[in-house]
Protein chains: 2
Amino acid sequence: MIQTPYLLFLGDAPDALSAKVAQGIKDWRPENCVGQFRMDGCKADMKLTDMTLAEAKAAGAKTLVVGVANRGGKISPAWKKVLVNALEEGFDLASGLHNLLRNEPDLAAVAAATGRALHDVRVPEVDYPIADGVKRRGKRVLAVGTDCSVGKMYTALALDAAMRERGMKSTFRATGQTGILITGDGVPLDAVVADFMAGAVEWLTPDNDDDHWDIIEGQGSLFHVSFSGVTMALVHGGQPDALILSHEPTRTHMRGLPGYALPSLEVLRDTALGLARVANPACQVVGISVNTQHMGAAEAEAYLAEIEAQMGLPTVDPFRQGAGRLAEALAAV
Amino acid sequence: MIQTPYLLFLGDAPDALSAKVAQGIKDWRPENCVGQFRMDGCKADMKLTDMTLAEAKAAGAKTLVVGVANRGGKISPAWKKVLVNALEEGFDLASGLHNLLRNEPDLAAVAAATGRALHDVRVPEVDYPIADGVKRRGKRVLAVGTDCSVGKMYTALALDAAMRERGMKSTFRATGQTGILITGDGVPLDAVVADFMAGAVEWLTPDNDDDHWDIIEGQGSLFHVSFSGVTMALVHGGQPDALILSHEPTRTHMRGLPGYALPSLEVLRDTALGLARVANPACQVVGISVNTQHMGAAEAEAYLAEIEAQMGLPTVDPFRQGAGRLAEALAAV
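A brief structural summary. Because the structure is a prediction, the values reported are computed rather than measured.

Conventions and cut-offs
Residue positions are given per chain, counting from 1 as you read along its sequence in written order. Here the convention is simple: chains get letters from A, ligands get numbers from 1, in the order in which they are written. Given that this is a predicted model, residues contribute local features only at a pLDDT of at least 70 and side-chain atom pairs are listed and counted only at 80 or more, while totals for whole chains, interfaces and linings are drawn from all residues. Hydrogens and waters are ignored; side-chain quantities use all the structure's heavy atoms. When a carboxyl oxygen of Asp or Glu is within 4 Å of a side-chain nitrogen of Lys or Arg, the pair counts as a salt bridge. Using a 1.4 Å probe on the protein chains alone, a residue whose accessible area is under 20% of its type maximum counts as buried, one over 50% counts as exposed, and one in between counts as partly exposed. Put simply, DSSP marks the helices as runs of H or I at least four residues long and the strands as runs of E at least two long, and each gets a number from the N terminus on. If DSSP finds at least two bridges between two strands, the strands pair. The angle between two axes is taken between their N-to-C directions and runs from 0 to 180 degrees, where each axis is a line fitted to C-alpha atoms and a helix contributes only its stretch in contact. The copies were overlaid with a least-squares fit restricted to C-alpha atoms from residues scoring a pLDDT of at least 70 in each copy. In this description, contact between two residues means that some pair of their heavy atoms is separated by no more than 4.5 Å.

## Some thoughts on the pattern of salt bridges
And then number 1: Under the counting rule described, the total for this entry stands at 42 salt bridges over all chains.
And then number 2: Between A:Arg38 and A:Asp45 there is a salt bridge whose closest N-O contact spans 3.9 Å.
And then number 3: Using a relative accessible area of 31% as the deciding quantity, one classes A:Arg38 as partly exposed.
And then number 4: A relative accessible area of 32% places A:Asp45 in the partly exposed class.
And then number 5: The salt bridge involving B:Arg140 is made with B:Asp214; its shortest N-O contact spans 4.0 Å. Taken as a pair, B:Arg140 in strand β6 (residues 139–145) and B:Asp214 in strand β8 (residues 212–216) lie far apart in primary sequence, 74 residues in all.
And then number 6: Under the relative-accessibility criterion, B:Asp214 is labelled buried at 1%.
And then number 7: The structure contains a network of salt bridges with shared partners spanning A:Arg38, A:Asp45, A:Lys47 and A:Asp50.

## With respect to the sheet that holds strand β4 (residues 92–95) of chain A
All names here are of chain A.
And then number 1: Strand order in this open sheet of five strands is β2-β1-β3-β4-β5, and the pairing throughout is parallel. On the outer flanks of this sheet lie β2 (33–38) and β5 (118–120), each paired with one strand and no other. Across the sheet, the mean angle separating the axes of adjacent strands is 20° when strand polarity is ignored.
And then number 2: In terms of strand pairing, strand β1 (residues 6–11) meets β2 through five bridges, oriented parallel. Considered in β2, the bridge of Leu7 is made with Gly35.

## Quick word on the relation of the copies chain A and chain B
And then number 1: You can overlay chain A on chain B at an RMSD of 0.0 Å; the transform is a turn of 180° with a shift of 0.0 Å along its axis. The relationship between the two copies is best expressed as a two-fold rotation axis.
And then number 2: Of the interface residues in chain A, 100% have counterparts in chain B that sit at the interface too, so the contact is made through matching surfaces.

Here it is, written out as structure tokens:
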């Protein structure tokens, strides 16, 4: 569990895209952000107050979150002075980069000397149990995709926001590094050892109030041969009461797999539902989220209407329209 | 890769069952066994020549394999003198026990000093790639079960034996610790990090002759919520051309999961085939293996005939009948 609130470290970000983790935190959990720290030449801006470490500390920030990735997703030597100073000023550090804070000798030594925590959110920090399959109280929803990277995390966060607006009880349950940094907690599922994947998902989504929804961040796709085992663990460990089908209609083949066609939404629905009902016989498909970012507004609107008619399910692009209709579909479960 | 042949270490095995790993090696790869090493009081016997370390070394043994598990599956302090001596005599050590050879300070120190290898087959020794889904040459068969522990490894080894008898080209591809110790090679799939599971299976079953069969050891079950993700990685990473359905008909619920019923063979067939065809559209179900160990001979015979008629597929208990009919079914693919 990462201590909030955060000071967002944007470093020497060469452009806005390289700070997309920081953007995600700012967009979805602005209450977790005290301010931003930018180095000379930084081209990203979260429109937060620029702060020194001392100012952020005085304002209550607990953790400096690396919200930027340089080429290669590595910790940059240029950032080290700030990161070391942050530890000395009493901040914990959190990062989702490929190389680990804990494996940097200077950071590890200063963290040990100052008693601060280094959170590498790509790496599990918990010994997860083996799944026991026992039915848990409360409700759970999971987005499953026709492919990887079709907008499942965005859908989950938008759904969480829409449910909160409506006064519904919901918790976004992060299963990837960006989601974990956004919320400060979660399971880096793709880094969990195989035998414990489903158990990690059970651990992440424990018993809760009967009217509470866990919104479980999806990963991979049942139809993506590289990562389908991770998706399966979400479907069975998550015991979802509701599934949302996620799709990106302009993709010509599965991401990174030339020659693999995407499944139809019907095939995804039937496959995911059959598997989900092993763990939860009451599971149902409640809606569809479509990522229409590569379509014009009119084309997107027509496509959404077509899918809604074809599938008989509320169909939205959460980025264009919000996830209100999906929240309403869950309220009716 | 573990160097063969082996000296099988039976230690102070309290009974035959505690030496079942050694028994598996002796039964399936007798050519890998130079002899056995028994301590005072050992109650297990593989009917191999009892040898001292020096005798086994002179006979060509390269690795001392821990073929015994005491209560708890741990390395026993009582074995240490033999294990240390074996390293000093020039043997590598191999074990599938829960605690690791490499984590025993005495064994680690002597192995380092003597330049010998410690193989803990529960732990991956390779950095596996992420699966790329590219179609590989050669053929592959995978057993998928209605549940865990229904005889998938036994089926695979019996099939390998039957295919060799017929002069077919086949390789048993181990995915669990017992299978790895039997053959000296494989992937401990349940210990692989989630993102790399399918890639590990691709790595294990590379391009091969067009008429060569990899017989991939199955794990878990698509219907066992604790381990289904591992099974999914086998189905997608393995790109099987053929599936064998494995079943144990007396089980009243999924292993370790009270309240979870086993799927029917029809549901297993349809689910597994649908998923397998994502990676290999030509995949077919070629036969059924039934573990009838809890049935009498007549009951078993009647049950096998009933399932064969019901499913329209060759149905055998490989323990009672061998896997010849399954090998013939593969030859016809």
